[in-house]
Amino acid sequence: MSFIVRKKMSEYLIKIINRVIGILKILCWKILYGSRFHSGKMTFFYPGCHLMIEKTGSINIGDNCFFNRDCSMTSLGEINIGNDCIFGENVKIYDHNHRTDATKGPFRKQVMLLDELKLDLNVWIGSDVLILPNIRIGDNVIIAAGAIVTKDIPDNVTYIQKRNSVEVPNGK
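Note on numbering: residues in each chain are counted from 1, in written sequence order. Only residues with pLDDT of 70 or above have their local features reported here, since the model is predicted, and side-chain atom pairs are shown and tallied only from 80 upward, although totals for entire chains, interfaces and linings are computed over all residues. Side-chain metrics in this entry use all non-hydrogen atoms of the structure; hydrogen atoms and water are not considered.

### Some details on the overall build of the chain
Point 1. What the chain contains, in helices and strands, is 1 helix and 18 strands.
Point 2. With respect to the three principal axes, the spread of C-alpha positions in the chain is 70 × 50 × 35 Å.
Point 3. Only protein chains enter the accessibility calculation, which uses a 1.4 Å probe; a residue is then buried when its area is under 20% of its type maximum, exposed when over 50%, and partly exposed in between. Looking at the 172 residues of the chain, the share that counts as buried comes to 35%.
Point 4. We call two residues in contact when some of their heavy atoms are within 4.5 Å. Partitioning the contacts of the chain with sequence separation of at least 6, the portion at a separation of at least 24 is 20%.
Point 5. Of the roughly 10,900 Å² of accessible surface on the chain, 58% is carried by carbon and sulfur atoms.
Point 6. Within this scheme the basic residues Lys and Arg register as positive and the acidic residues Asp and Glu register as negative, but His and the chain ends are omitted. Throughout, a charge is located at the NZ atom of Lys, the CZ atom of Arg, the CG atom of Asp or the CD atom of Glu. Charge-centre separation for the chain: the mean point of 22 positive side chains lies 7 Å from the mean point of 17 negative side chains. Secondary structure counts use DSSP, requiring at least four H or I residues in a row for a helix and at least two E residues in a row for a strand, with both numbered from the N terminus. The method behind every accessible area is Shrake-Rupley, applied with a 1.4 Å probe, and residues are considered shielded solely by the protein chains displayed.

This is the structure we're talking about:
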C-alpha cells in the first residue's frame, strides 16, 4: 500500500472518529441538559467544543450547523441559532454579562444580567469571534475573524471590525 493511500485512509479515519465524538457530545448534552438543549438534524460539533447551560439558560440550534474546534457557548438566558450556520475555530458566545457597578460590592457577588442572543439563518462566524449578549445577527451574515460583536447586525452584510495597529519602539 502506497504512502498516499495510507495517508488518505488515516485522514478519513480521523474524520469518522471526530464525527462519532461529535455525536456522542450531542447525546451527552441532551442527557445532561434535557429540554434546555436542542440540536437540529445534521448539526456537528468538532472536538474541543463546550457548552454550559445554567438552570435559567437554554441553547437551541437549528439544522445543518457546524461548530469547528474549541467553540464554546455559555447560557444563563437564551441562545438561539438558526439553520445552516457555520462557526470557525475558537468562537465564544455568551448570553449574559456581569454587572459593572463597583459601588454595589465585588463584581463576582453581583447578580448577572441575562439576555437573549439570536443568530438567524445562514450565518458564517469566522475564527476567534466573541459574541456578546443582547444582540441579533441577521440572515446571510458573515462575521469576519477576530471580531467582537456587541450590537445587532442586519441581514445580508459582512461585518468586519477594523482596528488600528500601533507599533511602539521597545525601551521608550
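Additional details are given in the paragraphs that follow.
### Quick word on helix α1 (residues 3-33)
Point 1. Expected span, for any helix, means 1.5 Å times one less than how many residues it has. Across its 31 residues, α1 extends 45 Å between first and last C-alpha, which sits within 8% of the 45 Å expected from 1.5 Å per residue.
Point 2. For α1, the complete set of buried residues consists of Asn-18, Gly-22, Lys-25, Ile-26, Trp-29 and Tyr-33.
Point 3. Considering only its buried residues, α1 is in contact with β1 (37-39), β2 (44-45) and β3 (50-53).
Point 4. The first or second residue beyond α1 is Gly-34, which carries a positive phi of 60°.

### Some points on the sheet that holds strand β8 (residues 86-87)
Point 1. Taken in spatial order, the 6 strands make up an open sheet running β2-β5-β8-β13-β16-β18, and their pairing is parallel. The open sheet has two edge strands, β2 and β18 (158-159), and neither has a second partner.
Point 2. Should DSSP find at least two bridges between two strands, the strands are regarded as paired. Pairing geometry for strand β13 (residues 124-125) and strand β16 (residues 142-143), over 2 bridges, is parallel. Across the sheet, residue Trp-124 finds its bridge partner in β16, namely Ile-142.

### Some remarks on the nonpolar core
Point 1. Remark: nonpolar core denotes a set of buried residues (Ala, Val, Leu, Ile, Met, Phe, Trp, Tyr, Cys) joined through side-chain atoms within 4.5 Å. Counting 34 residues, the largest nonpolar core has Phe-67, Met-73, Ile-81, Phe-87, Ile-125, Ile-137 and Ile-143 as the members making the most contacts within it.
Point 2. Among the elements of the structure, α1, β3, β4 (58-61), β7 (78-81), β12 (116-119) and β15 (135-137) are those that each provide at least two residues to this core.
Point 3. Looking at which element gives the most residues to this core, the answer is α1, with 3 residues.
Point 4. If we skip the residues at most four places from it in the chain, Ile-143 touches Trp-124, Ile-125, Gly-126, Val-129, Ile-137, Val-149, Ile-153 and Tyr-159.

### Let's talk about the sheet that holds β3
Point 1. Strands sit in the order β3-β6-β9-β14-β17 across an open sheet of 5 strands; the sheet is parallel. Each end of this open sheet is capped by a strand with a single partner; those strands are β3 and β17 (148-149).
Point 2. As judged from the 2 bridges shared by strand β14 (residues 130-131) and β17, these two strands associate in the parallel manner. Considered in β17, the bridge of Leu-130 is made with Ile-148.

### Re the pattern of salt bridges
Point 1. Salt bridges are counted wherever a side-chain nitrogen of Lys or Arg sits within 4 Å of a carboxyl oxygen of Asp or Glu. This model, assessed by the stated rule, comprises 4 salt bridges.
Point 2. Of the charged contacts, one joins Glu-89 and Arg-69 as a salt bridge, the two residues approaching to 3.5 Å between their closest N and O atoms. Here Glu-89 is found in the loop between β8 and β9 (92-94), whereas its partner Arg-69 is found in the loop between β5 (66-67) and β6 (72-75), with 20 residues between them in sequence.
Point 3. A salt bridge links Arg-136 to Asp-155, with the nearest nitrogen and oxygen atoms 3.0 Å apart. In this pair, Arg-136 is assigned in strand β15 and Asp-155 in the loop between β17 and β18, connecting sequence segments 19 residues apart.
Point 4. Linked through salt bridges whose partners overlap, the residues forming this network are Lys-118, Asp-120, Arg-136 and Asp-155.

Everything listed is a geometric property; what it means functionally is a separate question.
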